[in-house]
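# Structural description and commentary
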Amino acid sequence: MALASALVAGGIVGIRHALELDHLAAVTTMVEDDGHPSFVGASWGIGHSIPIVVAGLLFVALGVRLPASVTHFFEVVVGAVLVALGVRMLLRAAGASLPKLRDHAHGEPRHRHLAFGDVSLGTKHTHVHDESFAVGVLHGFAGSGALVVVMVSAAPGVGQAMAFLAAFVLLTVATMATVSVLWRRSMVAGGTRLLRATAGIVGIAAGGLLVVEQVGAVV
């Protein structure tokens, strides 16, 4: 695998990986009514890439691979999170008032509060969309992320492995940011409630199937 081939392969895998149903279900349930939808998708991509890059480098350097039990555990956690996000999106589609992280600034760098109506709790700096980043990290430890590490291990040298990982990360982040922007534009164009309901149902279905599949595999 030449360096150029590794870059192309990593980019293609990154795009394909970002477009998996459970990934799309997660991100579409987190795009909110704000002006920065790309921030949500990019944050997911960054969080998702961190464990994959770390695991890939550990495998290349030391031959270390995550045990199957660990990936099964994270698959179940991801499934449960998807169900929770889907339920929340359905509640939003129904017009329910839910707590959320609110971006704002008052004479200082932008930060976030957990907001419920006019009440805001807590404060902290943030440079990523916290919720999307966290869900991306969980996805990175799950089974499909482990498959990417296996592909990295097939590279004939460290240079090709690094090129594959770099292209994978860049295209994963770019693809998910694009998906978030397109989803938000679809909501703006009309049918917000229908799209939210669809995202919620898909999220619940994808998460439920993931949990059932993993529990069945363990049993």
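Residues numbered from 1 in each chain as written. Predicted model: local features only at pLDDT ≥ 70, side-chain atom pairs only at ≥ 80, totals over all residues. Heavy atoms only, no water.

### Observations concerning the overall build of the chain
Looking only at helices and strands, the chain features eight helices and three strands. Shown N-terminal to C-terminal, the secondary structure of the chain runs as helices and strands in the order α-α-α-α-β-β-β-α-α-α-α. The buried share of the chain, taken over its 219 residues, is 42%. Expressed as a percentage of contacts within the chain between residues at least 6 apart in sequence, the contacts between residues at least 24 apart total 74%. (Helix = DSSP H or I, 4+ residues; strand = E, 2+ residues; numbered from the N terminus. Buried < 20%, exposed > 50% of the residue type's maximum accessible area, 1.4 Å probe, protein only. Contact = heavy atoms within 4.5 Å.)

### Details of the confidence of the model for the chain
Do not read the predicted coordinates in detail wherever pLDDT is low. Chain-level pLDDT for the chain is 79 on average; 81% of the residues reach the 70-or-more range. Confidence, expressed as mean pLDDT per element, reaches its minimum in the chain at strand β3 (residues 119–125) with 44 and its maximum at helix α1 (residues 3–18) with 90. This stretch, residues 106–111, has a pLDDT under 50; its non-local contacts, to residues over four places away or in other chains, come to 14 contacts. Contacts for the low-pLDDT stretch residues 113–125, under 50 throughout, to residues beyond four places or in other chains number 34 contacts. (pLDDT = per-residue confidence, 0-100.)

### Here we look at the packing of α1 against helix α7 (residues 158–189)
The geometry of α1 relative to α7 is characterised by a closest axis approach of 7 Å and an angle of 35° between their N-to-C directions. The interaxial crossing formed by α1 with α7 has right-handed handedness. The residues of α7 that touch α1, namely those facing Leu3, Ala6, Leu7, Ala9, Gly10, Gly11, Val13, Gly14, Ile15, His17 and Ala18, are Gly159, Gln160, Ala163, Phe164, Ala167, Phe168, Leu171, Thr172, Thr175 and Met176. Partitioning the contact of α1 with α7 into residue classes produces 13 nonpolar, eight polar and no charged. (Axes fitted to C-alpha atoms, helices over the stretch in contact; angles between N-to-C directions. Left-handed = near helix turned anticlockwise from the far one by under 90°. Nonpolar A, V, L, I, M, F, W, Y, C, P; charged D, E, K, R; others polar.)

### Structural notes on the layout of surface pockets
Empty space among the atoms can be located by rolling a probe the size of a water molecule over them. Considered as a void within the structure, the second largest pocket measures approximately 270 Å³ in volume. Along the walls of the second largest pocket sit 18 residues, with Ala55, Arg65, Leu66, Ala146 and Val149 positioned nearest its centre. Contributions of two or more residues to the lining of the second largest pocket are made by α3 (37–62), α4 (68–93), α5 (130–141) and α6 (143–153). Grouping the constituent residues of the lining of the second largest pocket by class yields 14 nonpolar, three polar and one charged. (1 Å grid on protein atoms, 1.4 Å probe; cavity = no way out; pocket = protein on both sides within 12 Å on 5 of 7 lines; lining within 4 Å. Points joined across faces, edges and corners; volume = space filled by probe spheres on them.)

### Section: the pattern of salt bridges
A complete count under the given rule lists one salt bridge for this structure. Salt-bridge contacts for arginine 88 lead to glutamate 131; the nearest nitrogen and oxygen are separated by 2.6 Å. Residue arginine 88 is found in helix α4, and its partner glutamate 131 is found in helix α5; the two are separated by 43 residues along the sequence. (Salt bridge = Lys/Arg side-chain N within 4 Å of Asp/Glu carboxyl O.)

### Considerations on the environment of isoleucine 52
Tracing the chain through its elements places isoleucine 52 in helix α3. On the accessibility criterion, isoleucine 52 (1% relative accessible area) is buried. Spatially, the C-alpha atoms of isoleucine 52 and valine 148 are 7.4 Å apart, while their sequence positions differ by 96 residues. When neighbours within four sequence positions are excluded, isoleucine 52 is seen to be in contact with His17, Gly140, Gly145, Val148, Val149, Leu165 and Phe168.

### Remarks on the side chain of serine 180
Tracing the chain through its elements places serine 180 in helix α7. Beyond its immediate sequence surroundings of up to four residues, serine 180 is in contact with Val27, Val31, Pro37, Ser38, Val40 and Gly41.

### Some points on the packing of aromatic side chains
Using the criterion set out here, one finds two aromatic pairs in the structure. When the centroid spacing of 5.4 Å and the interplanar angle of 75° are considered together, the rings of phenylalanine 73 and phenylalanine 74 count as edge-to-face. On the basis of relative accessible area, phenylalanine 73 is assigned to the exposed category, the value being 51%. Judged by relative accessible area, phenylalanine 74 falls into the buried class, the value being 17%. Put simply, the rings of Phe73, Phe74 and Phe141 touch in pairs and so form one group of aromatic residues. (Phe/Tyr/Trp six-rings, centres within 6.5 Å; stacked < 30°, edge-to-face > 60°.)

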